[in-house]
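Notes for the structure review
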Amino acid sequence: MKKLAAGNWKMNGTQSSLAEVTALLAAHPAPTCEMLLCPPATLLTAMAGLAKGSALQIGGQDCHPKGSGAHTGDISAAMLADAGAAYVILGHSERRSDHGETDALVRAKAEAALAAGLVAVVCIGETEGQRDAGQTLDVIGTQVDGSIPLTGTAATLVLAYEPVWAIGTGRTPTLAEIAEVHAFLRARLRALIGAEADGVRILYGGSVKPSNAVEIFAVPHVDGALVGGASLKAADFGAIVAALAAA
Ligand code: PEP
């Protein structure tokens, strides 16, 4: 399995930010892991142009479950593909909380992504209250069961475990906690999609940075990272890519 370092720029970045992509590609022209950046939609085409023929893949941050129509402000999976995306992040906790996205909606979006030829990066994760109450495995088990496309394969599905309380906070679970969840997720995926589950990349996300990447990437069943803040700067994201390539 080729591991995946994925960056989520969220609602950050303008044309001038593309200099970071140029710098990333100059420093890491051919990493042994896969490299993905998901910029805001306004930068997709320009970033895809820069990445063309390089080791960098481009992704969207959301898509609509329908292919086209009267849905003001939304973007379809086919439009993302047309703009040069190969991936799309779905069900990020900020989409779930800001826009009330349910597991069923995330699954519908993921099915649309697969139909458009995109790889779906489906995000799940518990809140701090749920972890404190000992509900982590129940919560993420339910999210996985309800959110992933059941036709997903190793080639078309990526799962990202992102504890909500670790996103953008500088806090991370212990390595033992990450190990427990990732082993649980591998088994849950097997129950849902069978042997394909063994090839599905399970990413950890939540305050990954150059200083903690090496230890996180050594945890079993951590097949890469989904990185927010540290993906905005080529030096930081490049260091995470290098750590994953060496893992
Ligand atoms: C994210 O939003 O996917 C994320 C993991 O953010 P950060 O790395 O900034 O915690």
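Summarised in this report is the structure supplied together with it. (Residues numbered from 1 in each chain as written. Predicted model: local features only at pLDDT ≥ 70, side-chain atom pairs only at ≥ 80, totals over all residues. Heavy atoms only, no water.)

**As for the nonpolar core**
If you look at the biggest cluster of nonpolar residues, it comprises 63 residues, and the most contacted ones within it are Leu56, Leu185, Leu189 and Phe217. A total of six residues in this core trace back to one element, the largest contributor, which is helix H10 (residues 234-246). Those residues in contact with Leu56, other than ones at most four positions away along the chain, are Val21, Leu24, Leu25, Met35, Leu36, Leu37 and Ala51. Counting residues in each nonpolar core, the second largest holds 13 residues, with Leu4, Tyr87, Val158 and Ala160 among its members. (Core = buried A, V, L, I, M, F, W, Y, C linked by side-chain atoms within 4.5 Å. Buried < 20%, exposed > 50% of the residue type's maximum accessible area, 1.4 Å probe, protein only. Helix = DSSP H or I, 4+ residues; strand = E, 2+ residues; numbered from the N terminus. Contact = heavy atoms within 4.5 Å.)

**Quick look at the site of the ligand**
Looking at the ligand, there are 14 residues lining it, with Lys10, His92, Glu162, Gly168 and Ser207 nearest. Within the side chain of Glu162, one N or O atom sits 2.6 Å away from an oxygen atom of the ligand. A total of 290 Å² of accessible area belongs to the ligand in isolation, and the protein chains cover 95% of it. When the residues that make up the shell around the ligand are grouped by side-chain class, the tally is four nonpolar, eight polar and two charged. (Near = heavy atom within 4 Å. Polar contact = N/O pair within 3.5 Å; in protein donor to acceptor, adjacent residues only side chain to side chain. Areas by Shrake-Rupley, 256 points an atom, 1.4 Å probe, with all protein chains shown as cover. Nonpolar A, V, L, I, M, F, W, Y, C, P; charged D, E, K, R; others polar.)

**A look at helix H7 (residues 136-147)**
Between its first and last C-alpha, H7 extends 16 Å over 12 residues, near the 16 Å set by a 1.5 Å rise per residue. Buried residues in H7 make contact with helix H4 (93-98), helix H5 (103-115), strand S5 (119-124), helix H6 (128-132), strand S6 (157-161) and helix H8 (175-193). (Expected span 1.5 Å × (residues − 1).)

**A few points about the sheet that holds S5**
Taking strand neighbours around the barrel as the criterion, the eight strands line up as S1-S2-S3-S4-S5-S6-S7-S8 in a closed arrangement whose pairing is parallel. For this sheet the average axis-to-axis angle between neighbouring strands, irrespective of direction, equals 25°. Pairing geometry for strand S1 (residues 4-8) and strand S2 (residues 34-38), over five bridges, is parallel. Along S2, the bridge assignment pairs Ala5 with Met35. Here helix H2 (residues 44-51) sits on the sheet in contact with S2 and strand S3 (56-60), set at roughly 165° to S3. (Pairing = 2+ DSSP bridges. Axes fitted to C-alpha atoms, helices over the stretch in contact; angles between N-to-C directions.)

**Digging into the pattern of salt bridges**
Here the structure, examined in full by the defined rule, presents 14 salt bridges. Its salt-bridge partner being Arg95, residue Glu101 comes within 3.0 Å of it at the nearest N-O pair. Two residues, Arg131 and Glu126, come together in a salt bridge whose shortest N-O distance is 2.8 Å. Exposure class is identical for Arg131 and Glu126. Each is buried. One connected set of salt bridges, linked through shared partners, spans Asp62, Arg95, Glu101 and Lys109. (Salt bridge = Lys/Arg side-chain N within 4 Å of Asp/Glu carboxyl O.)

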